[in-house]
Each structure stands twice: as C-alpha cells, then as structure tokens.
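Coordinates in review
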There are 2 protein chains.
Amino acid sequence: MKNLTSSECTGAHRAVRDTLDIVGGKWKLVILTTLIDKERRFKELAREIGISPRILSKELQDLEINKLVTRTVCDTRPITVEYSITEHGQTLEKVTTALRDWGLTHRKEIIGTQESLTPVTG
Amino acid sequence: MKNLTSSECTGAHRAVRDTLDIVGGKWKLVILTTLIDKERRFKELAREIGISPRILSKELQDLEINKLVTRTVCDTRPITVEYSITEHGQTLEKVTTALRDWGLTHRKEIIGTQESLTPVTG
DNA sequence: CAGTATCCAAAAAGATACTG
DNA sequence: CAGTATCTTTTTGGATACTG
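Every chain is numbered on its own, with residues counted from 1 as its sequence reads. As a convention, the first chain written is A and the first ligand written is 1, with the rest following in written order. In view of the model being predicted, local features appear only for residues whose pLDDT reaches at least 70, and side-chain atom pairs are presented and counted only at 80 or more, with totals across whole chains, interfaces and linings using the full set of residues. With hydrogens and water stripped out, all remaining heavy atoms of the structure feed into the side-chain values.

Let's talk about the interface of chain A and chain B
Taken together, the 49 residues of chain A in the interface contact 49 residues of chain B. Accessible area, probed at 1.4 Å, shrinks when two parts are joined; the buried area is that loss added up over both. Of the roughly 4,300 Å² buried where chain A meets chain B, counting both sides, 65% is carbon and sulfur surface. In terms of surface lost to chain B, no three residues of chain A exceed His88, Leu99 and Trp102 of chain A, which account for 16% of the buried area on that side. Here a salt bridge means any side-chain nitrogen of Lys or Arg lying within 4 Å of a carboxyl oxygen belonging to Asp or Glu. Across the contact surface, chain A and chain B share two salt bridges. A salt bridge links aspartate 18 of chain A to arginine 107 of chain B, with the nearest nitrogen and oxygen atoms 2.7 Å apart. By the criterion applied in these results, polar contacts are pairs of N or O atoms within 3.5 Å in which, for protein atoms, one can donate a hydrogen and the other can accept it, and in which residues neighboring in sequence qualify only through two side-chain atoms. Here chain A and chain B share 16 residue pairs in polar contact (both at pLDDT 80 or more) between them. Secondary structure elements follow DSSP: runs of H or I no shorter than four residues count as helices, runs of E no shorter than two count as strands, and numbering proceeds from the N terminus. When contributions to the side of chain A that touches chain B are tallied by element, the ones reaching two or more residues are helix H1 (4–23), helix H2 (28–37) and helix H6 (93–113) of chain A. Among the residues forming the side of chain A that touches chain B, the class breakdown is 19 nonpolar, 17 polar and 13 charged. Contacts between residues were defined by any pair of non-hydrogen atoms, one from each residue, lying within 4.5 Å. In the scheme used here, Gly and all other residues not listed as nonpolar or charged are polar, with Ala, Val, Leu, Ile, Met, Phe, Trp, Tyr, Cys and Pro taken as nonpolar and Asp, Glu, Lys and Arg as charged.

Written out as structure tokens, the structure is:
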C-alpha cells in the first residue's frame, strides 16, 4: 500500500481547492441555486438574496468567468440585464446535494449529541 | 404556486452554508484528508501540510468542536498529542468526492474552451 | 512537544453615494 | 436599472517569540 497523503492526493487536493475557490464563498451557491429556479435581473437578485450591489456585481463576474452564468443585456428602456445559470452551472447540483446532505446529517449528529453548544454555523 | 427563493430553499441553503462554514476554509479538508491516512501529532501535521501552529491549533479546535477529529493526550515525556479523524469526519468523503469530481470536470470545461485566461483557482 | 500571545497583512464583505 | 467608486469593518491567514 502506498502513502496517500501527498502522492495520490496532489491532484485531488487541487481539484477540491478549485471547486471551493469557485463556489465556496458566501454567495456563489446562493446565487446559482436562485438562478436554477429561473433567470433574474440584477436588481431582482440583489433584493431576493439580500446582497449589496458591489458584492453582487463581483460575484456575478466571477461566475461568468467560470461559465456558470450568462449575462444578457436586454434592449429595453432603461436597459435591463438578465442572468441565467448555464448547463455547466447546473452540473454543480451534485456538489450542492452533497453539501446539503452532509449539512443535514451534521445537524443531527451535533444537535443530537450536545444541545447547548453551537458548533454549527453561527 | 409558491416563491421558492426563500421558502423551500431556506433549509437547504442553511444546510449548504453549514457545511461550507465547517469545512470550507483553506485547511479543514486538507487536515481531514491527511488524517484519513493515519493519525498525526500536532507538529507532524504542521510540518506535513505547511501550516503555522496558531492556525493549526485553531483549525483543530474547530474540527474537534464539530466532532470531526479527536484529540488524545499521550502520557509521554514530553507530552505528545495525537489527532485522529472520527467516524463522523469520515462521512465527509462524499462531500470531498463531489468537490473533487466537479473540480476535475470544471478544469476540462474551462481549459478545453479557453486557453489563455485563468478562470480556475490561481 | 503542544500550544498561546502578539502583531501584521491580505482578503472578503458591507454601506452608501454616485454615474450612464 | 445596472452597475462602479469609495470607504470601512470583519474575517482569515500568517510569522514569530514565548510558556508549561
């Protein structure tokens, strides 16, 4: 048997890190899962998820660079912009599911065992 | 019909956020995947993954609070402390796998399409 | 050895006013 | 409306010296 720690894991570690770098922030998955429902305009997103325009703008740019959302300028008056999730963005579903399932499992594990402490989230 | 954005998604969003809060930092999954191989002492971990003692200490405390690792003081001279991954910690494997798989997929998607930009990680 | 204390840098997030 | 500019705060990570 071999030493997994830094041989076989090298590529795996990087891949895991990649994913976390891309969708691991506070807003990325919130935005994406919101867009799964249906496309939104900039301000709709801002309102619905409660995020300031500066942050939202940055997050959407990041997502667009990684081809997870598309940005479409609509020729209206005034101009509106629609953001949609891409097919590639939708491949994150397995990730989201895994995160959600484990989160639920963890709540049971932690809350079932010790009640007063707050090891979870906030 | 109902407004999915903040009704049906509430629990799911929270669960996803929980997981990211718990293992989403720079080191948590690195530490855990290292410990899957075999248990380590404090300084071994510090050396192997290249992390400063202050950060490592904090990360291990977080992990212990969430029952992902156990801390065992060994009655040696001088004292040594061993950290091991728990069974609960090992249930993160599905999460890690999902993150890794998507990271690999994403590299193909991005690198296959556009070569010069660096939308991935660093 | 295992960890804490102190100090510091960088990144992430947020409030808010402003522009085309 | 869709953003950007500016400023501030919070969080995160890190170097390093020190203690039991």
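Focus: helix H2 (residues 28–37) of chain B
Exposure is judged per residue with a 1.4 Å probe applied to protein chains only, and the accessible area is read against the type maximum: over 50% gives exposed, under 20% gives buried, and values in between give partly exposed. Of all 10 residues making up H2 of chain B, eight are buried, and the element is well covered by its neighbours. Listed as buried for H2 of chain B are Lys28, Leu29, Val30, Ile31, Leu32, Thr33, Thr34 and Leu35 of chain B.

Description of the relation of the copies chain A and chain B
Residues reaching a pLDDT of at least 70 in both copies supply the C-alpha atoms on which the copies are superposed by least squares. Superposition record for chain A on chain B: RMSD 0.2 Å, screw rotation 179°, translation along axis 0.1 Å. What the rotation and shift describe, once combined, is the action of a two-fold rotation axis. Mapped onto chain B, 98% of the interface residues of chain A again fall at the interface, so both copies present the same surface.

Concerning empty space enclosed by the protein
Definitions used throughout: a 1 Å grid over protein atoms alone; a cavity as a set of points that fits a 1.4 Å probe which cannot get out; a pocket as an open set with protein on both sides within 12 Å along at least five of seven lines; a lining residue as one with an atom within 4 Å of a point. Grid points are joined across faces, edges and corners, and a volume is the space filled by probe spheres set on the points. One pass over the structure, following the stated rule, counts one cavity of 30 Å³ or more. Space inside the largest cavity adds up to approximately 60 Å³. In this structure, the largest cavity is lined by His13, Val16, Arg17 and Leu20 of chain A together with Lys26, Leu29, Val30 and Thr33 of chain B. At the level of secondary structure, the elements contributing two or more residues to the lining of the largest cavity comprise H1 of chain A together with H2 of chain B. The leading source of residues in the lining of the largest cavity is H1 of chain A, at four residues. In the lining of the largest cavity, the residues fall into four nonpolar, two polar and two charged.

Quick word on the protein's contact with DNA strand D
Contacts to DNA strand D come from 20 residues, most closely from Arg54, Ser57, Arg71 and Tyr83 of chain A together with Trp27 of chain B. With respect to DNA strand D, the side chain of lysine 26 of chain B contributes an N or O atom lying 2.8 Å from a phosphate oxygen. The separation between a base oxygen of DNA strand D and a polar side-chain atom of arginine 54 of chain B is 2.8 Å. For the surface near DNA strand D, the secondary-structure elements that each account for two or more residues are helix H3 (42–49), helix H4 (53–65) and strand E3 (80–85) of chain A together with helix H4 (53–65) of chain B. Looking at side-chain class alone, the surface near DNA strand D contains nine nonpolar, four polar and seven charged residues. To be near a molecule or strand, a residue needs just one of its heavy atoms within 4 Å of it.

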